[in-house]
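# A look at the structure
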Amino acid sequence: MTAPPASQPLSVQLLAPDADDWRSVAGAWASLFSRRPDASPYLSPIWMQTWLETYGTALRPELFSASLPGQDLIGACFLTCLTRRQTILPHVRMHLNCDGEPAGHGVVVQHNSILASPGREDDVVHALARHIVSRRVDELAASGFDEKGIHRLISAFPDWIAEVDWREAHYVDLDHLRATGADHAGSLSRNTREQLRRSLKLYRERGDLHLEAATTVDQAEAMMNELLALHETHWQSKGQGGGFASDWRRKFHTAYIRTALPQGAVQLLGVTAGAETIGVLYNLVANGKVNFYQSGLRYDPDGRFKPGMVVHHLAILHCLEQGMSEYDFLISGPGEGRYKSSLSTHCRRMGWLMLYRPGWRGHYFSLLRTVRQRIASARAK
């Protein structure tokens, strides 16, 4: 397979950066990121550096970069190759950007993309495709791309077998609320409004509802510790470890918060009713968009209390006041989809794409994955 030629020949470079090497190219990445007002926190220089510092030694990713001859960087992404044995065959999977960590230890990537200068996206993706085709790679994993990004990748690999797992991501369009003068509660369904208003009233009977945003690293770390305690209590009651059971994940998020908070790239929001904390949110921020990452909530035996609904509603009002353009719930984990859809105003899709090299090996690995997914789905029922 030969990808279509770029409109202008691109100079391609491949580096194998450790955290120190990354600092030498971080300025070029930051410049490219700044030219993309739609780029997510998952592509920010802070996220990339923290990921390298946490996982780089174990995964040894490469940095793919594309530029016009004699000019600045116009496109880049990380590539991580992992070799595993699938039945009797060695199997090489390549991951795009901050992905490929050991199961249960990774930081799930969403709103992923090949970072490229506006107008040069196709050129960069086709240059990347030519590079990948030249490598000994059985499959390419592209996690958390939007629909345009998924279709762009598929078109760049026209002969490869493509499988996409589409997932819904709900969000609140804050710009639309602001422009129309609508309030958040008024944009929700009647049933959701009633549940929210009743829960707000019940909490206020316990004391004033107050949202506090961390403004210092010390405050953020204290809030994060409280979030972890609430989060673990809830998931351990279900016999599970929760989202921060991995030491690697904790190391990543501790380092990320320390760097990102002073730059306004993260939110730690705590909500209290009187003297009692009812919830803490950990959100990622970039280009005016807020991505809800994780929460710690204090659940009440009385089901009329809805801590998640109340905490997110107050966070959405806070983000409206702060001039943010969007409050994104991201994709839903087990049991999360209903409240995210109830509180949102819009929905879009993100895809988890697997591309298999043409030939019998690609068909074999694709079939093997399908069989395993069906077995796992049957066991889950």
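Description of the structure in this document. What you see is a predicted model; the values in this text were computed from it and never measured.

### Remarks on the overall build of the protein
What the protein contains, in helices and strands, is eleven helices and 13 strands. The buried share of the protein, reckoned over its 381 residues, is 52%. Taking as baseline every contact in the protein between residues at least 6 positions apart, the subset at least 24 positions apart corresponds to 72%. When the accessible surface of the protein is summed, it comes to about 17,600 Å², and 50% of that surface belongs to carbon and sulfur atoms.

### A short note on the nonpolar core
Soluble globular proteins: nonpolar side chains tend toward being buried together. Counting residues in hydrophobic clusters, the biggest one holds 45 residues, and the most contacted among them are Trp29, Trp47, Trp51, Tyr256, Val266, Leu268 and Tyr282. Contributing elements (two or more residues each) for this core: helix 1 (19-34), helix 2 (45-59), strand 3 (73-86), helix 7 (217-236), helix 8 (247-260), strand 9 (266-273) and strand 10 (276-286). Among the elements that make up this core, the one with the highest residue count is helix 2 (seven residues). Not counting chain neighbours up to four residues away, the residues in contact with Tyr256 comprise Pro41, Ile46, Trp47, Thr50, Ala265, Val266, Tyr282 and Leu284. Leu202, Val271, Ile278 and Val290 belong to the second-largest nonpolar core, a separate cluster that totals 33 residues.

### Side note on the pattern of salt bridges
Once their charged atoms are close, side chains differing in charge can pair, the charge on each being opposite to the other. Applying the stated criterion across every chain, the model contains 18 salt bridges. Here Arg190 makes a salt bridge to Glu194, at a shortest N to O gap of 3.2 Å. Of this pair, Arg190 and Glu194 are both found in helix 6 (residues 190-204), four residues apart, which corresponds to roughly one turn of the helix. Residue class for Arg190 comes out exposed when judged on its relative accessible area of 61%.

### Examining the packing of aromatic side chains
A full pass over the atoms with the stated rule returns 14 aromatic pairs. Arranged with centres 4.9 Å apart and planes meeting at 75°, the rings of Tyr203 and Phe305 form a pair that is edge-to-face. With Tyr203 in helix 6 and Phe305 in the loop between strand 11 (289-297) and helix 9 (307-321), this pair connects stretches of sequence that are 102 residues apart. Three or more aromatic residues joined by ring pairs make a cluster, and in this case those are Tyr42, Trp47, Phe252, Tyr256, Tyr282 and Tyr293. When the ring centre of Tyr171 is taken as origin, the NZ or CZ atom of Arg348, which lies over that ring, is 3.9 Å away. Between the NZ or CZ atom of Arg349 and the centre of the ring of Trp166, over which it lies, the distance is 4.1 Å.

### Examining the environment of Leu211
Structurally, Leu211 can be placed in strand 8 (residues 209-213). As for Leu211 and Thr277, which are separated by 66 residues in sequence, their C-alpha atoms are 9.8 Å apart. Contact partners of Leu211, with chain neighbours within four places excluded, come to Leu269, Gly270, Val271, Leu314, Ala315 and His318.

### Looking at unusual backbone geometry
Backbone geometry at Asn97 places phi at a positive 65°, although glycine is not the residue there. Examined against the element boundaries, Asn97 turns out to sit in the loop between strand 4 (89-96) and strand 5 (115-116). Of the residues examined, Asn97 reaches a relative accessible area of 1% and is grouped as buried. One non-glycine residue, Asn287, adopts positive backbone phi at about 50°. In this structure, Asn287 sits in the loop between strand 10 and strand 11.

### Focus: the packing of helix 7 against helix 8
With their axes 10 Å apart at the nearest point, helix 7 and helix 8 run at an angle of 150° to one another. It follows from the interaxial angle that helix 7 and helix 8 lie roughly antiparallel. Here helix 7 and helix 8 pass one another in a crossing that is right-handed. Along the contact surface, helix 7 presents Val217, Ala220, Glu221, Met224, Leu228 and Glu232, while helix 8 presents Arg250, His253, Ile257 and Arg258.

What counts and what doesn't
Residues numbered from 1 in each chain as written. Predicted model: local features only at pLDDT ≥ 70, side-chain atom pairs only at ≥ 80, totals over all residues. Heavy atoms only, no water. Helix = DSSP H or I, 4+ residues; strand = E, 2+ residues; numbered from the N terminus. Buried < 20%, exposed > 50% of the residue type's maximum accessible area, 1.4 Å probe, protein only. Contact = heavy atoms within 4.5 Å. Areas by Shrake-Rupley, 256 points an atom, 1.4 Å probe, with all protein chains shown as cover. Core = buried A, V, L, I, M, F, W, Y, C linked by side-chain atoms within 4.5 Å. Salt bridge = Lys/Arg side-chain N within 4 Å of Asp/Glu carboxyl O. Phe/Tyr/Trp six-rings, centres within 6.5 Å; stacked < 30°, edge-to-face > 60°. Lys NZ or Arg CZ within 6 Å of the ring centre and 35° of its normal. Axes fitted to C-alpha atoms, helices over the stretch in contact; angles between N-to-C directions. Parallel < 35°, antiparallel > 145°, perpendicular 65-115°, else oblique. Left-handed = near helix turned anticlockwise from the far one by under 90°.

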